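Summary of structural features
Each chain, letter by letter, is given below.
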Amino acid sequence: MLIHSGLRRNRWLVVVPWNYLWIWMKSLNMDSTNNPCFSDNCRKCARLAAFLDQVRCSHPDYYARPVPPFGVNDPRLLIVGLAPGMHGANRTGRPFTGDFAGILLYRTLHKYGFSSAPESVSATDGLKLIGCRITNAVKCLPPQNKPEPAEIRQCNAYLACEIAGLDKKAVILALGTVAHQAVLRALELKLKDFPFSHGAVHALPGGASLYDSYHCSRYNTQTKRLTAEMFESVFAEIRNNLPGS
Ligand code: SF4
């Protein structure tokens with residue numbers, strides 16, 4: 001909508017309705033105080049907020065804030081990782097981008113048609129996810145990559161919000177035990193009823209599915225706990241079982 005500013009002659013203001021602005025902000029993963037699923041100003045975990053304050057001082061060029069989910073807003077596949085890595089997502093501002101853990105993940109996503117490119121370099125490299133979204137159980141960088149149980153619980157409200165918005169038949173892929181348990185917590189399900197195991201597929205109440213994989217971390221891939229073949233077999237299974245695939 002155009003209105004005359006009334007301030008100077010021949011000056012006009014563009015007024016954008018709030019609902020359009022909100023959709024645009026969501027598409028860019030921008031923060032809004034009205035977004036119940038994410039806030040890049042969140043400081044609910046005092047230890048993590050203080051750590052990020054330090055990191056912003058020591059690495060002023062790093063993103064160093066809660067890392068937003070990345071991907072489409074109506075995913076058929078939601079991938080849940082653990083938390084941003086110091087020199088990866090915490091540096092670039094995009095999950096699994098800029099460090100070792102993302103190499104196998106994006107290569108595999110591309111191979112199975114979930115990503116427009118096999119390598120995620122930066123938050124501005126133009127890569128698009130296809131029918132897919134990536135988030136973390138904990139949105140802030142934890143010291144030594146180890147969030148405390150209370151921090152995982154605190155951040156779970158954001159994950160629960162994100163999962164609540166999924167399609168009934170969506171697939172959730174948990175990378176590692178912490179992510180697996182965070183998904184169950186978000187859905188208020190009992191851990192003992194859905195034990196984590198690499199390659200396991202759990203039918204969730206309501207029709208969605210939870211797939212498990214070992215996390216694609218440097219440690220797991222270098223020790224061969226997780227090989228490329230093992231990881232790809234999980235994605236092949238997901239691709240085969242996704243509705244409309
Ligand atoms: S980990 Fe989650 S809940 Fe804790 S401060 Fe970061 S965004 Fe907030």
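An account of the accompanying structure is given in this report. (Residues numbered from 1 in each chain as written. Predicted model: local features only at pLDDT ≥ 70, side-chain atom pairs only at ≥ 80, totals over all residues.)

Considering the pairing of strand S4 (residues 77-81)
Remember that side chains alternate between the two faces of the sheet whenever the strand is regular. With respect to burial, S4 is a largely interior element, five of its five residues being buried. With burial as the criterion, each face of S4 is covered, one bearing Leu77, Ile79 and Gly81 and the other bearing Leu78 and Val80. The pairing of S4 with strand S5 (residues 132-136) spans five bridges and is classified as parallel. In the strand pairing of S5, Ile79 is matched with Ile134. Sheet analysis places S4 next to strand S6 (residues 171-175), joined by four bridges and oriented parallel. Of the residues in S6, the one forming a bridge with Leu78 is Ile172. (Buried ≥ 20, exposed ≤ 12 C-beta atoms within 10 Å, placed from the backbone. Helix = DSSP H or I, 4+ residues; strand = E, 2+ residues; numbered from the N terminus. Pairing = 2+ DSSP bridges.)

Considerations on the environment of Phe38
Tracing the chain through its elements places Phe38 in the loop between helix H1 (18-27) and helix H2 (46-58). For Phe38, a count of 21 C-beta atoms within 10 Å translates into the label buried. When the C-alpha atoms of Phe38 and Pro66 are compared, they prove to be 8.5 Å apart, with 28 residues separating the residues in sequence. Beyond its immediate chain neighbours, meaning those up to four positions away, Phe38 contacts Pro68, Pro69, Lys139 and Tyr158. (Contact = placed C-beta atoms within 7 Å.)

Thoughts on helix H5 (residues 149-164)
Since one α-helical turn is 3.6 residues long, residues separated by three or four positions face the same way. Over its 16 residues, H5 runs 22 Å from end to end, which matches the ideal 22 Å to within 8%, given 1.5 Å per residue. Approximately 40 degrees is the largest bend angle found in H5, and it occurs at Asn156. Where H5 is concerned, the buried positions are Glu151, Ile152, Cys155, Tyr158, Leu159, Glu162 and Ile163. (Expected span 1.5 Å × (residues − 1). Bend = angle between axes of the 7 residues up to and from the residue.)

Describing H2
Here H2 is 13 residues long and its end C-alpha atoms lie 19 Å apart, about the 18 Å a rise of 1.5 Å per residue gives. Those residues of H2 that fall on the buried side of the exposure criterion are Leu48, Leu52 and Val55. Across the axial projection of H2, the buried residues extend over an arc of 60 degrees, all falling on one side. Turned more than 90 degrees away from the buried face of H2, the exposed residues are Ala46, Ala50, Asp53, Gln54 and Cys57. Summarising the contacts, the buried residues of H2 are in contact with helix H3 (89-92) and H5. (Arc of directions from axis to C-beta.)

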